[in-house]
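# Structural overview
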Amino acid sequence: MRRIFLVTIVISFVMPGLRSSSQNLINPVVNNYHRCYTVERIRQIRQTNPYLETDAQFETWLSKEMKAGAGIQRPAAANYTIPIIFHIVHNGEALGTSPNLDAALIQEQLLQLNKDFSNASNSRYASAAATGIQFVLAQRNPTGSVLTEPGIDRINRNTKGWSDYSNGWQPSYIDAAVKPNSTWDANRYYNVWIVPKMDNGTTDLLGYSTFPATAALPDLNNSSETANTAGVVILTNTVGSAYLPNNCNTGYGLGKTLAHESGHFLGLRHIWGDTDCGNDYCNDTPIHFTINNGVPTHPKSNSCGTPDEMFENYMDYSDDIVLNTFTANQVDRMQTVMLNSPRRSSLNTSNVGGVTVTGTNRVSFINCSGALNVSEKGVNNTYPIYKDESYTLNVEDKATGSATVTITTSGTAVNGLHYQLLTPSLVFAAGDNFKPVNIRIFDNPRVDGDKTIILNYTISGTGVAAGASAQTLTVTLLDDDNMRVGENTINLLNEHFENPTGARGLPAGWTLLASSGYVNTFVASTNGDAGGSGLSAHITNNIVTKPNTYTKGVAGAAVLQSPVIDASSVLSLGNLSFKYKVRGLEEHDEGRLAYTSSAAPTGPFYNYGATPGDLGYGPYSSNTTTLANIPLIPGPATLSNRKFNICFLWQTDGSATGNDPGFNVDDITLSATPFHIETEISSGYPFDIQSGTAVSNFKSTNNKALVTVRNASANISGAAVQIIQAGNGNVAFNTTAGAFMRTQKVYQITPASASPAVTYQATFYFTAAELAVWGSNRLNLKILKVQDGVSLDGTLTSSNSEIIAPTVVEDAAGGYISYSGNFTGFSQFMLVSPLVSLPATLTDFEVSILSKNIQLLWNTSQEINNLGFNVERSLDGVTFTKVGWVDGKGTTSNSSTYRFTDIDVRPDILYYYRIGQVDVDNRQTHSAIRSARLKADTHITIAVNPNPAKGFVNILINGTSNKASVELMNSLGQKLLRLNNVIAVNGVYKLPLSDFPKGTYTVVVYLPEGIFSKKIIIE
């Protein structure tokens, strides 16, 4: 497996990784780097000598030695000290000019190595442990002379007669020529070679190590390691520390490559066991499926049965900023090797002397780019759902005394809503190497875009001081709540170059990037040939005639870039396929496949693919034949939930020779898997719904689509969505109007606390199979909303149920249908036959004073078999008596308004009223209760303006100076607001309305003289 690294190149610089002398390139594709070549190198050595010690023999020996020493209590402090010599290979550059690295950078590397081996890099795991192994710079050379630069051996490769490394030294050459002519006694020195460039013939390498042998070997020549090769080799650009990175444009400049290779040198295996779900012989490291690259995020499960991988382990391939863990079992292996293995057990008693490196008490955040991305997805299943992230405020060496560091935050994310700062203060004591900055990131279902948290700090005390760089850290919370629903695989990109536009003939949305003045460029024409039909995109040196030829001997790069691809709304990327033909010149003129972030379309460029560097991602070129293939490339996990551009890159390095054609590309398809619809009885995680226009997408615990909620009128806490009944059929249910059919599938939305007055829009998803039983009638189905706690096996009425005529969208290609409606309150939801209706649905009921009488006014939105209405009155709100009757309209789909005036009333008595709706079969349902009081000889008047109102309404109270109580009720008679002891200033009270959605409401004013009400409309 290869490892991708970002390389940001200034335009005037040579693009690294290309065998090129170009001085005028854009920021082209990043190099492919193989993190570690240890296992491959050992296999190469064994192929030439099959009698060498095997892995099984070593593990049998090590297991026996570990059991023998299991009872040994090792001290917490370092009990092994290893003198290290860095062989810095260069080409005659001045001291301090890369690759002839300055001694200060070497000392930073040693500080980092000792922190990593001391468990001082902020591991999150309880199993993390200090190794008890520390490193010092060798004080004397093999002849006993004191080194001018402790721990450093500078080697000009020219004086050694070694070959030019600009095209990369292979490990076989290093082991055969470099090491034997520069090794210092491997029994007394830990040899570390720092070389500017090495590869395996096709891919650049970051490092490799020799592996320890058993002490029981009759002849040490039976080991893959010899006295002339023992040690590790690392790339120049990997040398550095978290405090002083060597290269901020890569993922490997924080000095962790040496920790990885030193792990191998002391007997550790790769954490994935160098095979799928392999064994690293450590019980406290979870089983990994394979290598991790880049910056993974938790939780990261795998098909081996591991719920969450330990990608922070030094023996994985993650970027340096991620690595921070050796476990206790790994420590046991290294301690046992140090005690028993040749060329390790003698290092602790070496007589070469050692110089301990110390740094300052300056602090900085561990992240040389100053920016990190983290998914907002939570890991716990409780409410609220969250995950805790830890970011390290790192001391170059250690604190020299006490100090308090106060963390401050800013950015677009809101503290308390999107995140919570758990460590606002960090208290340093003398000797502390770091402090964790812990942030709790809250999950949510809202489609509200990426949010940033900017961390900064202030210092009180002298124990630590501010560093010169990395003083702020920006954490971007990646929004993962876009949801493209569908049952079938979809195409995010489907391009055949058959719709030319502009001089280059490229389809709309496709753009071209190129080095300044570069003559070769991409066009689309019939001269191209990638194996498809019609037009093809290809490299040319003439955009007018568009020949399928390119100009040789000119260095530069051209990029053909796709329109923005939105993968933020899909569950996962599928395969990318395209046809291509290319010749060029191997290792000089070549094509590559890359991608850019939509936020930075002009670069940097990243290699596309889960296993970058293999055939299918580039480079594509050949000296003798035209390459032609139809690759099928899995989408990189790093692009899930992201927006990006796919790029086809052509680059030449100035070599005078070359072969036509250049890069030809056609028939590009990128597939994706959308979020499938949940069809089983299932639950979803509870989330808060924020008021406003934000879209909230609820998914089941199976990560399938449930419901989309929009435009909630108020904040809702802990809303849980679930499917409480499921199936592809339909079942009968009863209403007061008769028996009808509904879907077997029933949704339920339940907030943490009842929210009957909240209005919102909801979209419910059904698969084609779930609705097949309805035939063509599926597009006419209605939504039935039934109050929570009401049994679907009973008789539903207009008082506990509501019918909504939804907006229906059928996506035949996606294999689903969505139903959207506007609702008030949260309940059970299902689809029902279009014939279903509920008798006399009351939408409004209010009571008001009319002269010396009391008037009742109510509305219905529809009526089914409605005989009429009983008007009932009560003096206590409990026992009601019929005082009137109003005929209904039978069956009608139109809205209707009814009035009744109660003339048999007395002053100063509080009356309660309700309406009883009676069906033709004499079944009756009751409305909500309203009340009114008639005051004797009252001359009080109540008026409201403006009406319709927006934002506020003025309530004008004349005829009294008494304090009033004011209530606002919605059209269902539900009380939304009550204000007590209201004092009208100059007869006017201003009632704010901005928190309430559009609609019809009733303002009720309670005075000692009586109760007064007015209807208002909020716009």
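First, a word on scope: everything that follows refers to the structure included in this document. Since we're looking at a predicted model, the values are computed, not measured.

All right, on to helix α5 (residues 171–178) then. Since the α-helix turns once every 3.6 residues, residues separated by three or four places project in the same direction. Within the span of α5, buried status applies to P171, I174, D175, A177 and V178. Contacts made by the buried residues of α5 are with α1 (38–48), β6 (190–195), β7 (204–205), β8 (207–209) and β9 (232–235).

This part takes up the packing of aromatic side chains. Within the structure shown, the criterion is met by 40 aromatic pairs. Through a chain of ring-to-ring contacts, three or more aromatic side chains come together here, namely Y747, Y760, F764, F766, Y819, F823, F826 and F829. When the ring centre of F675 is taken as origin, the NZ or CZ atom of K699, which lies over that ring, is 5.0 Å away. The side chain of K889 reaches across the aromatic face of Y898, ending 5.8 Å from its centre.

Scanning all chains against the criterion turns up one disulfide. For C277, the disulfide goes to C304, at an S-S distance of 1.9 Å. Measuring the twist about the S-S bond at about -80°, one finds the C277-C304 disulfide to be left-handed. Here C277, found in the loop between α6 (256–265) and α7 (328–340), pairs with C304, found in the loop between α6 and α7; they are 27 residues apart in sequence, far enough to count as distant. The class of C277 is partly exposed, set by a relative accessible area of 32%. The class for C304 is partly exposed, based on a relative accessible area of 21%. Note on C36: no disulfide assigned, nearest cysteine sulfur contributed by C282 at a separation of 15 Å. For C36, a relative accessible area of 0% puts it in the buried group.

We now examine the sheet that holds strand β19 (residues 451–461). Here five strands make up an open sheet; going across it, the order is β12-β21-β19-β14-β16 and the pairing mixed. Each edge of the open sheet is held by one strand with a lone partner, namely β12 (371–375) and β16 (425–428). Direction aside, the axes of adjacent strands within the sheet are offset by 25° on average. Taken together, the four bridges between strand β14 (residues 403–410) and β16 define a ladder with antiparallel strand orientation. Of the residues in β16, the one forming a bridge with A403 is F428.

Definitions and cut-offs
- Residues numbered from 1 in each chain as written.
- Predicted model: local features only at pLDDT ≥ 70, side-chain atom pairs only at ≥ 80, totals over all residues.
- Heavy atoms only, no water.
- Buried < 20%, exposed > 50% of the residue type's maximum accessible area, 1.4 Å probe, protein only.
- Helix = DSSP H or I, 4+ residues; strand = E, 2+ residues; numbered from the N terminus.
- Contact = heavy atoms within 4.5 Å.
- Phe/Tyr/Trp six-rings, centres within 6.5 Å; stacked < 30°, edge-to-face > 60°.
- Lys NZ or Arg CZ within 6 Å of the ring centre and 35° of its normal.
- Disulfide = S-S within 2.5 Å.
- Pairing = 2+ DSSP bridges.
- Axes fitted to C-alpha atoms, helices over the stretch in contact; angles between N-to-C directions.

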